[in-house]
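If you want the building blocks of each chain, they are given just below.
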Amino acid sequence: MVRRRSMPEMREGGVNVTPLIDIVMCLIIFFMLVAKIGVATGADETIVPPETLLGSRIEDMGNTLTLNVRDPAKVEQDRAAAANERPAPLPEFRREQPTVTAIVEGGTEPRPLWVSSPSGDRELARVLRAVVEKNANLRIIIRADFDIEYRLLEQVLMACAEARVKDYNFETKSP
Amino acid sequence: MKIKGAKQVHYDSGPNMTAMVDVVMVILVFLMLAGSFGGSWHYLTSNLPIKAKGGGGEVKPGEVQDVTLDVRIDPDPTYGFRVRCGDIATVGEAASLRNAFEQKLRAYSAIGTNPEKIQVVLSPGRSVKYQYVVEVYQQALLAEVAAPAGQDKPLKFTKVAFQASR
């Protein structure tokens, strides 16, 4: 009499996840390489730049300095709205020049820079000149609201010209 | 008394990967959300400093000064802005702006002026909005005319500068 041997009981270990892990690892490496995390340029996120079709990307953001240019009346309105107050009237010398902020002189946060302070110090031009003297190929990125008036923007351009900036870049966004 | 039969066969399925897959998925979702591909920002580049009123650029010895094409930009209550470029006037609209610049390119080409030696100098009024200045800037760079006989590159303006407001 032939003794029948029954098939041994097989216990499946579940779904084979090895290929899934391989693919997920590839995706992680992809995102780690292409993602840009923690690049602090000091850009003011409340600024809405104008839209343009034309424009080029800047690959080396390490060689750039971003100037945030805003209308002081708008800055005061935003401050008053956040504090639930009425906007305070600005003195003439504040109204006539833009509010410029940038990360300069080793700082980690953008700080205000006077185009022309009440004492006559042309701080923006002075700071830019110091930066350009250390790095003649510095690229200035001008980030300004789409509805700012040219009379405010030109003061920044003139400070850049005074500091002998060679490379200006106007930040815009794709439509 | 329990008599044991054939030896039970045990298939080893290896370490349990479920926890690892969970952690890896969380890392993946984090990177997808936290990272960015550079966003939708791009830049209009200029290497010409702003010109003071009535001033010209520095000219090196032996170098021929660029021809300047003055473009006035004024505010307009209906269209936002109006542009005057010599004998050409247009109101704020991308197509008509580009046509105006292309007319100028043809005119310069007809007299043999190389567009690369032309500086388009934008002269906005004090109250003109930045977006309109940028629009004129962009249209000056987008204007393009077919290359004349003997040349392979189309004609385009390559130098755009700003002037202090009037």
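Asks: Would you mind going over the overall build of chain B with me for this structure?
Replies: Along its length, chain B carries 3 helices and 8 strands. The buried share of chain B, reckoned over its 166 residues, is 37%. The long-range fraction of contacts in chain B, counting pairs at least 24 apart against all pairs at least 6 apart in sequence, stands at 65%. For chain B, the exposed surface amounts to about 10000 Å²; the carbon and sulfur share of it is 56%.

Asks: Can you help me understand the overall build of chain A in this one?
Replies: In terms of regular secondary structure, chain A is built from 5 helices and 5 strands. For chain A, the α and β elements follow one another from N to C terminus as α-β-α-α-β-β-α-β-α-β. On C-alpha atoms alone, chain A measures out to a radius of gyration of 28 Å, which is more than a quarter above the 16 Å that the 2.2 N^0.38 rule sets for 175 residues. For chain A, the spread of C-alpha atoms along the three principal axes comes to 115 × 45 × 35 Å. Taking all 175 residues of chain A together, 37% fall into the buried category. Restricting the contact set of chain A to residue pairs at least 6 apart, pairs at least 24 apart contribute 68%. Of the roughly 10700 Å² of accessible surface on chain A, a fraction of 55% belongs to carbon and sulfur atoms. Positive and negative side-chain charges of chain A, numbering 23 and 26 respectively, have mean locations separated by a distance of 7 Å.

Asks: Just to check I follow, could you spell out the interface of chain B and chain A for this structure?
Replies: When the parts come together, some accessible area is lost, and that loss is often what is quoted as the size of the interface. Chain B puts 49 residues into the contact, and the matching count from chain A is 55 residues. The contact between chain B and chain A buries some 4900 Å² in all, and 66% of this surface belongs to carbon and sulfur atoms. If you sort the residues of chain B by the area they bury against chain A, His42(B), Tyr43(B) and Tyr130(B) come out on top, with a joint share of 19%. Counting every contact that joins chain B to chain A gives 1 salt bridge. Inspection of the chain B/chain A interface yields 13 residue pairs in polar contact (both at pLDDT 80 or more). Those elements that provide at least two residues to the side of chain B that touches chain A are helix 1 (18-34), strand 1 (41-46) and helix 3 (130-142) of chain B. Here the side of chain B that touches chain A gets 9 residues from one element, more than from any other, and that element is helix 1 of chain B. Counted by class, the side of chain B that touches chain A contains 29 nonpolar, 17 polar and 3 charged residues. The pairing of strand 5 (residues 167-173) of chain A with strand 1 of chain B spans 6 bridges and is classified as antiparallel. Counted as the bridge partner of Tyr168(A) is Ser46(B) from strand 1 of chain B.

Asks: Would you mind going over the side chain of Glu76(A) with me for this structure?
Replies: Residues and elements named next belong to chain A. Along the chain, Glu76 falls in helix 2 (residues 72-83). For Glu76, a relative accessible area of 10% puts it in the buried group. For Glu76, the residues in contact, after removing those within four places along its chain, are Pro87, Ala88 and Leu90.

Asks: How do you make sense of the confidence of the model for chain B when you look at a structure like this?
Replies: If pLDDT is low for a region, its predicted coordinates should not be looked at in detail. All names here are of chain B. Looking at chain B, the pLDDT average stands at 79 and 80% of residues meet or exceed 70. Across chain B, the secondary-structure element scoring lowest on mean pLDDT is strand 1, at 79, and the one scoring highest is helix 3, at 91. For this predicted complex, the interface score ipTM comes out at 0.76, while the overall pTM is 0.75.

Asks: Sorry if this is basic, but what is going on with the pattern of salt bridges here?
Replies: For side chains of opposite charge, pairing can occur when their charged atoms come near one another. Throughout the structure, instances matching the rule amount to 20 salt bridges over all chains. Of the charged contacts in the structure, one is a salt bridge between Lys153(B) and Glu116(B), with a shortest N-O distance of 3.6 Å. Of this pair, Lys153(B) sits in the loop between strand 6 (144-145) and strand 7 (155-156) while Glu116(B) sits in the loop between helix 2 (94-110) and strand 5 (118-124), placing them 37 residues apart in sequence. You can call Lys153(B) exposed: its relative accessible area is 53%. Via salt bridges that share partners, Arg70(A), Lys74(A), Asp78(A), Asp145(A) and Asp147(A) belong to a single interconnected network.

Asks: In this structure, what is going on with the packing of helix 2 of chain B against helix 3 of chain B? I would like to understand it.
Replies: The relative placement of two packed helices is expressed as an angle between their axes plus a distance between the axes. Residues and elements named next belong to chain B. Taken N-terminus to C-terminus, the directions of helix 2 and helix 3 make an angle of 50°; their axes are 8 Å apart at the nearest point. One way to sum up the angle between helix 2 and helix 3 is to call them oblique. Between helix 2 and helix 3 lies a crossing whose hand is right-handed. Here Ala94, Leu97, Arg98 and Phe101 of helix 2 come into contact with helix 3, specifically with Glu135, Val136, Gln139, Ala140 and Leu142. Residue composition of the contact of helix 2 with helix 3, by class: 6 nonpolar, 1 polar and 2 charged.

Asks: Could you clarify how one ought to interpret a nonpolar patch on the surface in this entry?
Replies: Residues and elements named next belong to chain B. There is a patch of nonpolar side chains on the surface, built from Val29, Met32 and Leu33 and spanning about 320 Å² of accessible area. The topology assignment puts Met32 in helix 1. What makes Met32 partly exposed here is its relative accessible area of 46%.

Asks: Which parts of the structure should I look at to understand the pairing of strand 4 (residues 139-144) of chain A?
Replies: Successive side chains on a regular strand alternate, one facing one side of the sheet and the next facing the other. All names here are of chain A. Burial analysis of strand 4 places 5 of its 6 residues in the buried class, the great majority of the element. Where strand 4 lies against strand 5, 4 bridges are found, and the strand directions are parallel. Directly across from Arg139, in strand 5, lies its bridge partner Asp167.

Definitions and cut-offs
Residues numbered from 1 in each chain as written. Chains lettered and ligands numbered in written order. Predicted model: local features only at pLDDT ≥ 70, side-chain atom pairs only at ≥ 80, totals over all residues. Heavy atoms only, no water. Helix = DSSP H or I, 4+ residues; strand = E, 2+ residues; numbered from the N terminus. Buried < 20%, exposed > 50% of the residue type's maximum accessible area, 1.4 Å probe, protein only. Contact = heavy atoms within 4.5 Å. Areas by Shrake-Rupley, 256 points an atom, 1.4 Å probe, with all protein chains shown as cover. Rg over C-alpha atoms; globule rule 2.2 N^0.38 Å. Lys, Arg positive; Asp, Glu negative; His and termini not counted. Charge placed at Lys NZ, Arg CZ, Asp CG, Glu CD. Buried area = accessible area lost by both parts, 1.4 Å probe. Salt bridge = Lys/Arg side-chain N within 4 Å of Asp/Glu carboxyl O. Polar contact = N/O pair within 3.5 Å; in protein donor to acceptor, adjacent residues only side chain to side chain. Nonpolar A, V, L, I, M, F, W, Y, C, P; charged D, E, K, R; others polar. Pairing = 2+ DSSP bridges. pLDDT = per-residue confidence, 0-100. Axes fitted to C-alpha atoms, helices over the stretch in contact; angles between N-to-C directions. Parallel < 35°, antiparallel > 145°, perpendicular 65-115°, else oblique. Left-handed = near helix turned anticlockwise from the far one by under 90°. Patch = residues over 30% accessible without salt bridge, like charges linked within 9 Å, V, L, I, M, F, W, Y side chains within 5 Å.

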